[in-house]
Amino acid sequence: MDNNVNMAVDFCGVNMKNPVTVASGTFGSGMEYSDFVDLSKLGAVTTKGVAITPWEGNATPRVAEVYGGMLNAIGLQNPGLDTFISRDLKFLETQDTKVIVNVCGHSEEEYVSCVERLGECDNVDLLEINVSCPNVKEGGIAFGTDPKCLNNITKMIKAKAKQPVIMKLSPNVTDICEMARAAVDGGADALSLINTLTGMKIDIYRRCYTLANRTGGMSGPAIKPVALRMVNQVASAVSVPIIGMGGIATAEDAIEFIMAGATMVSVGTANFHNPTVTSEIVDGIEEFMKSQGIKDLSEIRNCVRW
């Protein structure tokens, strides 16, 4: 029996060895996990969010365990673009993998400035835009929760970007398909979803919020059914490629997202308790394909039918 399988994917013209990357904020910028994972085995490394200037992040405590996952209110702490380029991108130049840089900002100008600088970096393959940041000019509403705001920021970024643009969608909206269409109409080359769900935990003995920020983003296995449903809906609503994420911890989880319509998958919270999980998922997808006689991932992408 011929066991040769093709796990490669073309994502916005960038050829990936396989469909597996990591969720921004859960893997550092690759260096932090390189003692545990052969980064060349991944389709791509997605970096922690970076802004044009350093962000301190939120007050502590800012992480809490919950049933089926975790809450975080890190606040997108990052060292700023200068340090990111000189340290993190320099390290990633030595790795045989594609690079997706996650970009954040508090205003349209901050996003655009960061995107323009990254356009000068040869080893940045794609940009993932975190639109869950608060828009300071609009009273703190997240860019990704208003379709007009999302459409506008996408247009501004696309006008300056040298790399393909992936808009990362928030699930904290009424209609995820409306948001997806707004991003695509604004010129997005691809979408990634979902970002975290807003949640809360209370310490009943101290009678206070567990997180200093009161609320945080929930991630982990508990959100997978929500994420899978949203990816499937968006795959039917728009024609751009999708990175599916949200609670992926096994190869079976990843395959579900591909069958739901994702071109690539992103592994997040699972990295915290199993630093080798991404390698295991790559191997598991390959074994599944061989056992099922699947020669190419395109055979099962968006294959779910009633």
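First, a word on scope: everything that follows refers to the structure included in this document. (Residues numbered from 1 in each chain as written. Predicted model: local features only at pLDDT ≥ 70, side-chain atom pairs only at ≥ 80, totals over all residues. Heavy atoms only, no water.)

What follows concerns the pattern of salt bridges. Under the defined criterion, the tally for this structure stands at nine salt bridges. Ionic pairing is found between Asp-82 and Arg-117, a salt bridge with its closest N-O pair at 3.0 Å. Placement of Asp-82 in helix H1 (residues 81-92) and of Arg-117 in helix H2 (residues 108-118) is noted, with a sequence separation of 35 residues between them. Judged by its relative accessible area of 28%, Arg-117 falls in the partly exposed class. With a closest N to O distance of 2.4 Å, Lys-224 and Glu-256 form a salt bridge. With Lys-224 in helix H5 (residues 224-237) and Glu-256 in helix H6 (residues 251-260), the pair connects residues that are 32 residues apart, well separated along the chain. For Glu-256, a relative accessible area of 33% translates into the label partly exposed. Taken together, the shared-partner salt bridges connect Lys-224, Asp-253 and Glu-256 into one network. (Salt bridge = Lys/Arg side-chain N within 4 Å of Asp/Glu carboxyl O. Helix = DSSP H or I, 4+ residues; strand = E, 2+ residues; numbered from the N terminus. Buried < 20%, exposed > 50% of the residue type's maximum accessible area, 1.4 Å probe, protein only.)

What follows covers the pairing of strand S10 (residues 190-193). Burial of S10 is two-sided: the residues Ala-190 and Ser-192 facing one way and the residues Leu-191 and Leu-193 facing the other way are all buried. Bridge count for strand S9 (residues 165-168) against S10 is three bridges, and the pairing is parallel. When the sheet's bridge partners are listed, Met-167 is paired in S10 with Leu-191. As a crossover connection, the stretch from S9 through helix H4 (residues 176-185) into S10 is right-handed. Where S10 lies against strand S15 (residues 242-245), three bridges are found, and the strand directions are parallel. Across the sheet, the residue bridging to Leu-191 is Ile-242, located in S15. (Pairing = 2+ DSSP bridges. Right-handed = clockwise from strand over helix to strand, strands pointing away.)

To continue, consider the sheet that holds strand S11 (residues 197-200). A sheet is described by the order of its strands in space; here four strands give the open sequence S5-S6-S14-S11, paired in antiparallel fashion. A single partner strand is all that each edge strand has here, and the edge strands are strand S5 (63-66) and S11. Across the sheet, the mean angle from the axis of one strand to that of its neighbour is 40°, orientation sign disregarded. When S5 meets strand S6 (residues 69-72), the two strands line up antiparallel, connected through four bridges. Residue pairing for S6: Val-66 is matched across the bridge by Gly-69. (Axes fitted to C-alpha atoms, helices over the stretch in contact; angles between N-to-C directions.)

With that out of the way, let us pick up H6. Among the ten residues of H6, seven are classified as buried, and the element is accordingly described as predominantly covered. Of the positions making up H6, those classed as buried are Ala-251, Asp-253, Ala-254, Ile-255, Phe-257, Ile-258 and Ala-260. Contacts made by the buried residues of H6 are with H5, S15, strand S16 (264-267) and helix H8 (277-292). Directly after H6, the chain includes Gly-261, whose backbone phi takes a positive value near 130°. (Contact = heavy atoms within 4.5 Å.)

Scanning the model with the defined rule gives zero disulfides in all. You can see Cys-303 has no disulfide; the closest cysteine sulfur is in Cys-177, sitting 19 Å from it. Assessed through its relative accessible area of 30%, Cys-303 is described here as partly exposed. (Disulfide = S-S within 2.5 Å.)

This next bit is on the packing of H2 against helix H3 (residues 147-160). Packing of H2 against H3 leaves a shortest axis separation of 9 Å and a crossing angle of 25°. Here H3 runs roughly parallel to H2, going by the angle between their axes. Two packed elements cross with a definite hand, and for H2 against H3 that hand is right-handed. Contact with H2, carried on its side by Glu-108, Tyr-111, Val-112, Val-115 and Glu-116, involves Asn-152, Ile-153, Met-156, Ile-157 and Lys-160 of H3 and no other residues of that element. Counted by class, the contact of H2 with H3 contains six nonpolar, one polar and three charged residues. (Parallel < 35°, antiparallel > 145°, perpendicular 65-115°, else oblique. Left-handed = near helix turned anticlockwise from the far one by under 90°. Nonpolar A, V, L, I, M, F, W, Y, C, P; charged D, E, K, R; others polar.)

It is worth spelling out the environment of Arg-214 at this point. Within the fold, Arg-214 resides in the loop between strand S13 (208-209) and strand S14 (215-219). In this structure, Arg-214 is in contact with Gly-199, Met-200 and Tyr-209, ignoring residues within four places of it in sequence.

As a further point, take the sheet that holds strand S4 (residues 44-46). As summarised here, the arrangement of the eight strands in space is S3-S16-S15-S10-S9-S8-S7-S4, forming an open sheet in which the pairing is parallel. This sheet does not close on itself; its edge strands, each paired only once, are strand S3 (20-22) and S4. Neighbour to neighbour, the strand axes of the sheet diverge by 25° on average, direction disregarded. Note: S3 against S16, three bridges, orientation parallel. Residue pairing in the sheet places Thr-21 in a bridge with Ser-266 of S16.

Just geometry here; none of it tells us what the structure is for.
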